[in-house]
Amino acid sequence: RARAGEGLANADLARKRPQDAVTALTGTDAPDLPDDVKAARRRAAARVALALGDQAKALSLLQGDTNPQALDTSARIHEQKNEWAMAAADLRIVAETLIPQTGSLSDTQQALALRLASDASQGGDHSTLDWIAGIVGNRPLTGDNDRMFRLLTQPPDASMAAASP
């Protein structure tokens, strides 16, 4: 019943009916749910809060959730609020899980690496920039991703040298 309520809430969100999603979640709640079901319902409730414009509530519901989807949502909220260090911290946890140490990177993994580099750059987080540059290494990225990633992650003295005539 609780999983069905979560599914219905997600469908309501997809139809842009957040109030119906609230009803679906509250009508199927129970105190003795397994932890994984509670966590999934909190993530759905956070998406509902976000759809209703309550970023603070969404962040509160996602706090401590290490699920990649929850961290991605949290990072997006922080990005909207120009809270770059917090966004980068969330994305780094996701990247630690989803970006492999070796082998080619999928388009999704490249987008994550580029997004993390961008947020870390905005936040002046040089240790995260060094970390993601080390993880990606010399693996080529597709299209403009490679050039943008290298620009974002190069050391400050190298960017100054590249910018001078």
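Structural data are supplied above this passage.
This text gives an overview of the structure that appears in the document. Just so we're clear, the structure is a prediction, and the values are computed from it rather than from any experiment.

Description of the overall build of the protein chain
Scanning the protein chain for helices and strands turns up 10 helices and zero strands. The helix and strand sequence of the protein chain, counted from the amino end, reads α-α-α-α-α-α-α-α-α-α. With the C-alpha coordinates aligned to their principal axes, the bounding extent of the protein chain is approximately 65 × 30 × 25 Å. Of all 165 residues assigned to the protein chain, the portion counted as buried reaches 37%.

Some points on the pattern of salt bridges
On inspection of all chains with the given rule, the structure shows 11 salt bridges. Asp146 serves as the salt-bridge partner of Arg150, at 3.1 Å between the closest nitrogen and oxygen. Highlighted residues: Arg150 and Asp146, both in helix 9 (residues 144–153), separated by four residues, approximately one helical turn. Judged by its relative accessible area of 26%, Arg150 is partly exposed. Among the residues examined, Asp146 registers a relative accessible area of 25% and is labelled partly exposed. It is possible to trace a salt-bridge network through shared partners that takes in Asp72, Arg76, Glu79 and Arg115.

Quick look at the nonpolar core
Formed by 22 residues in total, the largest nonpolar core has its most connected members in Ile99, Leu116, Ile132, Val136 and Phe149. Mapped by element, the contributors of at least two residues to this core are helix 5 (68–80), helix 6 (84–98), helix 7 (107–122) and helix 8 (126–136). The residues touching Leu116, leaving out its near neighbours within four places in the chain, are Ala88, Leu91, Arg92, Ala95, Thr128, Trp131 and Ile132.

Quick notes on helix 8
Structurally, the α-helix is built with 3.6 residues per turn, so residues lying three or four positions apart point the same way. Taken together, the buried positions of helix 8 are Thr128, Leu129, Trp131, Ile132, Ile135 and Val136. The buried side chains of helix 8 occupy one side of the element, clustering within an arc of 160° when seen end-on. Set apart from the buried face of helix 8 by more than 90 degrees, the exposed residues are Ser127, Asp130 and Gly134. If you follow the buried residues of helix 8, they end up packed against helix 6, helix 7 and helix 9.

A word on the side chain of Glu6
Mapping Glu6 onto the fold places it in helix 1 (residues 2–14). Here Glu6 is buried and forms no salt bridge, its nearest opposite-charge partner Arg47 lying at an N-O distance of 5.0 Å. Setting aside chain neighbours within four positions, we find Glu6 in contact with Leu25, Ala40, Arg41 and Ala44.

Looking at the side chain of Asp90
Structurally, the position occupied by Asp90 is in helix 6. Salt bridges are absent for the buried Asp90, whose nearest opposite-charge side chain, Arg115, sits at 7.9 Å.

Regarding the layout of surface pockets
Volume-wise, the largest pocket comes out at about 180 Å³. Taken together, Leu25, Thr26, Asp29, Leu33, Lys38, Arg41, Arg42, Ala45 and Leu61 form the lining of the largest pocket. Listing elements by their share of the lining of the largest pocket, those giving two or more residues are helix 2 (18–27) and helix 3 (35–51). If one sorts the elements of the lining of the largest pocket by residue count, helix 3 sits on top with four residues. In terms of residue class, the lining of the largest pocket is made up of four nonpolar, one polar and four charged.

Rules of the game
- Every chain begins its residue count from 1, and numbering advances along the sequence as written.
- This being a predicted model, a pLDDT of at least 70 is required before a residue's local features are given, and a value of 80 or more before pairs of side-chain atoms are given or counted; all residues contribute to the totals for chains, interfaces and linings.
- Only hydrogens and water are removed before side-chain values are computed, so all heavy atoms of the structure are retained for them.
- In this text, helices come from DSSP runs of H or I with a minimum length of four residues, and strands from runs of E with a minimum of two, each type numbered from the N-terminal end.
- Each residue is assigned to one of three classes by its accessible area relative to the maximum for its type, calculated with a 1.4 Å probe on protein chains only: buried under 20%, partly exposed between the two thresholds, exposed over 50%.
- In the sections that follow, a salt bridge refers to a side-chain nitrogen of Lys or Arg positioned within 4 Å of a carboxyl oxygen of Asp or Glu.
- Joining through side-chain atoms within 4.5 Å is the link that ties buried Ala, Val, Leu, Ile, Met, Phe, Trp, Tyr and Cys residues into a set, and such a set is a nonpolar core.
- Two residues form a contact once any of their heavy atoms are found within 4.5 Å.
- To be clear, the arc concerns the directions from the helix axis to the C-beta atoms.
- His is not counted here, nor are the chain ends, while Lys and Arg score as positive and Asp and Glu score as negative.
- Within this scheme a cavity is a closed region of a 1 Å grid, computed over the protein atoms alone, that accommodates a 1.4 Å probe without allowing it to escape, whereas a pocket is open but has protein on both sides within 12 Å along at least five of seven lines; lining residues each have an atom within 4 Å of a point.
- Grid points are joined across faces, edges and corners, and a volume is the space filled by probe spheres set on the points.
- Classes in brief: Ala, Val, Leu, Ile, Met, Phe, Trp, Tyr, Cys and Pro nonpolar; Asp, Glu, Lys and Arg charged; the others, Gly included, polar.

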